[in-house]
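Examination of the molecular architecture
If you want the building blocks of each chain, they are given just below.
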Amino acid sequence: MLPFDDLTIGIFGIVLLIALVLVGVRVFVAAALAGFVGLVLLRGWGPAVGIVGTIPHSKTVTYPLSVLPLFILIGFLAFHAGFTNRLFETARKWVGWVPGGLAVSTVFASAGFAAVSGASTATAAVFSRVAIPDMARHGYHRRLIAGVVAAGGTLASLIPPSAILVIYAIIVEQSVGKLLLAGLLPGVVSVLIYTVLIVGLCKVKPELGSSVSGISWKERFRSLPGALPVLLVVGTIFGALYTGYATPTEAGALGAAMIFLLYLGRTFFKKSFSSFHKNIFQALMETAKLTVMIFTLIWGVFVFVRFLGYAGLPSAFADWVVTLNVSPLVIMICILLAYAVLGMFMDAIGMLILTLPVVFPAVIALGYDPIWFGVIVVKMAEICLITPPIGLNCFVVAGVSRELQTSSGESLSIPLQDVFRGVGPFFIADVVTVAILLIFPDIVLWLPNTMTDF
Amino acid sequence: MIQPNLDLLGRILKHTDRIYSYLENATNAVAGILVFALMCFGGIRIVFRIFGISLYGFIDIVEVSMVGFAVLSIAFVQRLGGHVRMELILTALKGRWLWFAEFMGGLFALFIVGVLIPSSYRHFQRAFEFGDSTMDIELVTWPAKLVVPIALAILFGRLVIQTVGYLRLLFWPSYEPVAVPVIQTMEDKARSEAALADRQPT
Amino acid sequence: QTQSSESITIVDGPKLRWDISLWGTTRPGTRVVDVLSEQVKQHTDGNWEIKLHYGEALSKSRENLDGISIGAFDGAMICNFYHPKKNPGLMVLSLPFLPIDSWDDHVKVRKVVYGHEQIKKEMAKWGAQIYSTSYLPMYEVMGKGKPPRTVADWKALNVRAGGGIGEVLAKIGATPTSTTATEVYTGVQQGTMDAAAFPFTYAHVSYRIHEVSDWFTSNFSPGTADCPVVLSTRSYDKLPSQYQELLERLEPIIAEQQRLAYEQVDSENLPMLREKLTEIEYSDQVVKQIREDYARPVIEEWIEENNKSFDARGLVQLVFEALGHEY
Ligand code: NA
Ligand code: NA
């Protein structure tokens, strides 16, 4: 027997994990290795070897997780099928008349695309291409352009379908369907707050961005069919989930199949067969790659989680947090700040999977709602995408803009520091959103709660 | 394709890397096809349900087949350097120090994957010898469990190639990197996202 | 409160910790392990701690036997139907429409099954042995819409039921469907299924099926399943003899507590169900007819399938005999 108690070994394991992750060992290797070493210390070599061997299979092969590749596929298919440009056109015609109209349109179109895409950086990349040239042509300020595209991208993980919300649901064993629905209203709130921000900024300083005028109602209605495919798919996924007619996996399959068929139909209509199979193949390969990456992360970290379970650390941490003589709100704010700091350096999914096993039991012990916390944590992870030093969406916008030109050949490049300055106001808007969700948790919980109670 | 000016080890690595890639590409293609099949199967299930027909055993079939996209192509992502990690310190390292860190990372991975292969194989063996099945339509689970040690063995091979690659660079830091994923700087990452957006048809 | 403290005799022994792997949270069906842990602690003056790990913290529920086999923990709860091929013989308790009519029947039938060579053998493969069981109650069916008052009425129904129960329902003309237990609520509510079979009454109520249902059967008794507590033989053999004796002595006390737990939920649930829903009762004649005409062929099929690997017919006969029936 070792002269250490379980908790000491548990803390040793966490320190080992942090050290390995810091020096750049792949997270799944670091977590599995630290977990294995810990299990050897707690249970001996034989049982430890036996335990780790069951996890890659048993922790990945569970039906609820099968929704992940489908949600990822929806995004890639929607992207390859080219739904985005027309979404922006429609948004421009309907909301372009407000001050800063094109920027507001970008937010709305990003939200629309978010409803068929689960990936924030992809959304930012796509809309950089679509919206930056247009806004630049209308004389919008570079920083506003960059800020709105980078921030708009973050809506993808909040508005369902969202891979990251599914992962949260699986780790903490909550209803996937409820979490997906819970993300919707906070997503809408984010859109509204961004809109208020843009309109306010452009009202005070009209030189930041103008409005689009002279669009007739006829034109507006004529632009609607362009957005129809996305609306149709979104409506179907939502309807199926909300009424409980389909499981998330089935809803994901249906959504992906619809986009696939719409794309197929368009291909026949335009007779553009050459690119079709190439694009489908591309979408499937990208989906497979991202899927196995996420699954690997999940089982790797679950090796570590199993070790934590033996060490009894999550429950000990939860007990400790509850005995602290501080109000739950203060602890929650500390947790959110910790996520903000961690998110500066880590990828959102990795951050969630690594921290939740310890943080979640404590949050629940404090009396917070598990569904509500999921949405808050995902919003925090999204904010991290637009904060320095590592804000992936900002890198993407700066990177894409470098390759853009006006029709007269003038570069549209936006330097990284300008992008970060541009997202500043949006960062503040996001903090306001989180505060609103803290004060009015019903914004998150209302929709999922009506789901079962009508 | 293979530059004649590479050292012997470099040439061997480059060759092995290329041949090995075919295997990994195949695993990823299988995964992609399975996702597509899942999409079709799930869609069909809902259409059937509308007509009041229930597909018995859907969950069992999904659970047995999903190992194909959950685990099988793990080596493919390792080759591309796609498994999540924190590169904060690595990007600050140069030359020998960088290759040393990468080499050590490779050794850690080899160790834990080396533990996982026999132990996940024994997980398969239990299901195979003692029996195991899904709940509803009693599909045997051992084929799915066997995929795990196979996928990890392919990953082990890839890790050996990469670790030797890092070792070569540790000894001769001036040589051209071969058969190892090079760290993408944030600029590269942004550029690959941009390339993705480029393929967007208009 | 499980036993008056006067009657507790303290067993002397070494300090020891056992880990038990469980899923979900504590519930009426886990009273057996909750009491085991409490009683052992009391009787050893805290020297022997049996730690309960709920929520699949140590293993996925369907891999609990694997966990015992590799020495990951000292005991676990398992359910036979989670992995039919891991425990082919134990599936005898999941055969449809077994004539189990009382608590005593539940006890008797388990006694002969657990004592049977085949069951001991198939547990021994995993390095496990059965200690006690949750004595899962008989299933009943609860659903929405037109209640099945006659055998013919079942034809129109989409029922969530697995294994042998599903097969008998299919023979009667119903359509068995499979979903996870947590999906049944929305399934019945949305009409993607009409009814579901669950251990009665506690599972129906804990999955809130009654909130979306119109009727329930109370003596259809289509069958049950078995969720025993298994111990690692390696861990058990390492116990000092006084601890082994203690386990044996505690078993009847634990079983009694398990019975009380079900009785208590039933006394809360049954009046509520009777008030809100239509209770469907079948005449002895009908129940007998279903057992003879529909269930027997399914049992025969099971015997056919398994007779090549063990004496399945003998096991079935033994079960019926213990229940005072002839097969
Ligand atoms: Na989304
Ligand atoms: Na950041």
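Here the structure is a predicted model, which is why all the values come from computation and not from measurement. (Residues numbered from 1 in each chain as written. Chains lettered and ligands numbered in written order. Predicted model: local features only at pLDDT ≥ 70, side-chain atom pairs only at ≥ 80, totals over all residues. Heavy atoms only, no water.)

1. Here's the deal with the sheet that holds strand E8 (residues 195-199) of chain C
Residue and element names in this part refer to chain C. Sheet architecture is open: 6 strands sit in the order E7-E6-E8-E5-E9-E11, paired in mixed fashion. A strand with exactly one partner marks an edge of an open sheet, and here the two such strands are strand E7 (175-177) and strand E11 (278-280). When strand polarity is set aside, the average angle formed by the axes of neighbouring strands in this sheet is 25°. Of the pairings in the sheet, the one linking strand E9 (residues 215-217) to E11 comprises 3 bridges and is parallel in character. Looking at the pairing, Thr 217 lines up with Ile 280 of E11. (Pairing = 2+ DSSP bridges. Helix = DSSP H or I, 4+ residues; strand = E, 2+ residues; numbered from the N terminus. Axes fitted to C-alpha atoms, helices over the stretch in contact; angles between N-to-C directions.)

2. Re the packing of helix H2 (residues 27-43) of chain A against helix H14 (residues 273-311) of chain A
Residue and element names in this part refer to chain A. Close contact between H2 and H14 brings their axes to 8 Å; oriented N to C, the two are set at 25°. The angle between H2 and H14 falls in the class roughly parallel. For H2 against H14, the interelement crossing comes out left-handed. From H2, Val 27, Phe 28, Ala 31, Ala 32, Ala 34, Gly 35, Phe 36, Gly 38, Leu 39, Leu 42 and Arg 43 reach across to H14, where they touch Thr 296, Leu 297, Trp 299, Gly 300, Val 301, Val 303, Phe 304, Phe 307, Tyr 310 and Ala 311. Tallied by class, residues from the contact of H2 with H14 come to 16 nonpolar, 4 polar and 1 charged. (Parallel < 35°, antiparallel > 145°, perpendicular 65-115°, else oblique. Left-handed = near helix turned anticlockwise from the far one by under 90°. Contact = heavy atoms within 4.5 Å. Nonpolar A, V, L, I, M, F, W, Y, C, P; charged D, E, K, R; others polar.)

3. Points about the interface of chain B and chain A
Taken together, the contacts link 70 residues of chain B with 73 residues of chain A. Interface area for chain B against chain A, summed over the two sides, is near 6,500 Å², with a carbon-plus-sulfur share of 73%. Between chain B and chain A we count 2 salt bridges in total. The tally of links between chain B and chain A comes to 11 residue pairs in polar contact (both at pLDDT 80 or more). Only helix H1 (8-50), helix H2 (58-65), helix H3 (67-70), helix H4 (74-79), helix H5 (95-130), helix H6 (142-171) and helix H7 (186-198) of chain B provide two or more residues apiece to the side of chain B that touches chain A. Sort the elements by how many residues they give to the side of chain B that touches chain A and H1 of chain B lands first, with 14 residues. The class makeup of the residues in the side of chain B that touches chain A is 42 nonpolar, 15 polar and 13 charged. (Buried area = accessible area lost by both parts, 1.4 Å probe. Salt bridge = Lys/Arg side-chain N within 4 Å of Asp/Glu carboxyl O. Polar contact = N/O pair within 3.5 Å; in protein donor to acceptor, adjacent residues only side chain to side chain.)

4. A few points about the confidence of the model for chain C
Across chain C, pLDDT averages 92, with 98% of residues at or above 70. In the model output, the complex is listed with pTM 0.88 alongside ipTM 0.89. (pLDDT = per-residue confidence, 0-100.)

5. Examining the confidence of the model for chain A
Per-residue pLDDT for chain A averages 86, and the proportion of residues at 70 or more is 98%. Mean pLDDT per element in chain A: helix H21 (residues 442-453) of chain A is the minimum at 78, and helix H3 (residues 45-58) of chain A is the maximum at 96.

6. Focus: helix H11 (residues 312-322) of chain C
Residues and elements named next belong to chain C. All of the buried residues in H11 are Ala 312, Gly 314, Leu 315, Val 316, Val 319, Phe 320 and Ala 322. Turning to H11, the residues buried within the fold contact helix H3 (103-115), helix H4 (117-125) and helix H10 (284-307). Backbone geometry just after H11 places Gly 324 at a positive phi near 80°. (Buried < 20%, exposed > 50% of the residue type's maximum accessible area, 1.4 Å probe, protein only.)

7. Comments concerning the pairing of strand E2 (residues 48-53) of chain C
Two elements, strand E1 (residues 16-21) of chain C and E2 of chain C, share 6 bridges in a ladder whose sense is parallel. Across the sheet, residue Ile 20 of chain C finds its bridge partner in E2 of chain C, namely Leu 52 of chain C.

8. Overview of the side chain of Thr 267 of chain A
All names here are of chain A. Its location among the elements puts Thr 267 in helix H13 (residues 248-270). Thr 267 gets classed as buried once you look at its relative accessible area, which sits at 2%. Dropping the residues within four chain positions of it, Thr 267 is found in contact with Ser 272, Phe 273 and Phe 276.

9. Brief notes about the packing of aromatic side chains
In the structure shown here, the tally under the stated rule is 43 aromatic pairs over all chains. When the ring of Trp 48 of chain C is compared with that of Tyr 243 of chain C, the centres are 4.9 Å apart and the planes differ by 10°; the resulting orientation is stacked. Taken together, the residues span a long stretch of sequence, with Trp 48 of chain C in strand E2 and Tyr 243 of chain C in helix H9 (residues 241-276) at a distance of 195 residues. With respect to class, Trp 48 of chain C is no different from Tyr 243 of chain C; both count as buried. An aromatic cluster is defined as three or more aromatic residues linked by ring pairs; in this entry it consists of Phe 97, Trp 154, Trp 215, Phe 220 and Tyr 282 of chain C. Taking the ring centre of Tyr 245 of chain A as reference, the NZ or CZ of Arg 49 of chain B above it sits at 5.8 Å. Note that Arg 208 of chain C overlies the ring of Tyr 185 of chain C, its terminal NZ or CZ placed 4.5 Å from the centroid. (Phe/Tyr/Trp six-rings, centres within 6.5 Å; stacked < 30°, edge-to-face > 60°. Lys NZ or Arg CZ within 6 Å of the ring centre and 35° of its normal.)

10. Re the interface of chain C and chain B
Each partner contributes residues to the interface: chain C has 23 residues there, and chain B has 20 residues. Interface area for chain C against chain B, summed over the two sides, is near 1,900 Å², with a carbon-plus-sulfur share of 52%. Counting the surface chain C buries against chain B, the share from its top three residues, Arg 62, Lys 85 and Ser 178 of chain C, is 31%. Between the two partners, chain C and chain B, sit 4 salt bridges. Where Asp 66 of chain C meets Arg 126 of chain B, a salt bridge forms, and the shortest distance between an N and an O atom there is 2.8 Å. Inspection of the region where chain C meets chain B yields 6 residue pairs in polar contact (both at pLDDT 80 or more). Partitioning the side of chain C that touches chain B into residue classes produces 7 nonpolar, 10 polar and 6 charged.

11. Considering the pattern of salt bridges
Between side chains of opposite charge, a pair can form when the charged atoms approach closely. Inspection of the entire model under this criterion finds 34 salt bridges over all chains. Residue Arg 62 of chain C is joined to Glu 63 of chain B by a salt bridge in which the shortest nitrogen-to-oxygen separation is 2.9 Å. Note that Arg 62 of chain C is positioned in the loop between E2 and helix H2 (64-69) and Glu 63 of chain B in helix H2, a pairing that runs across two chains. When its relative accessible area of 9% is taken as the criterion, Glu 63 of chain B is described as buried. Through salt bridges with shared partners, one network takes in Arg 126, Asp 132 and Lys 145 of chain B together with Glu 63, Asp 66 and Lys 86 of chain C.

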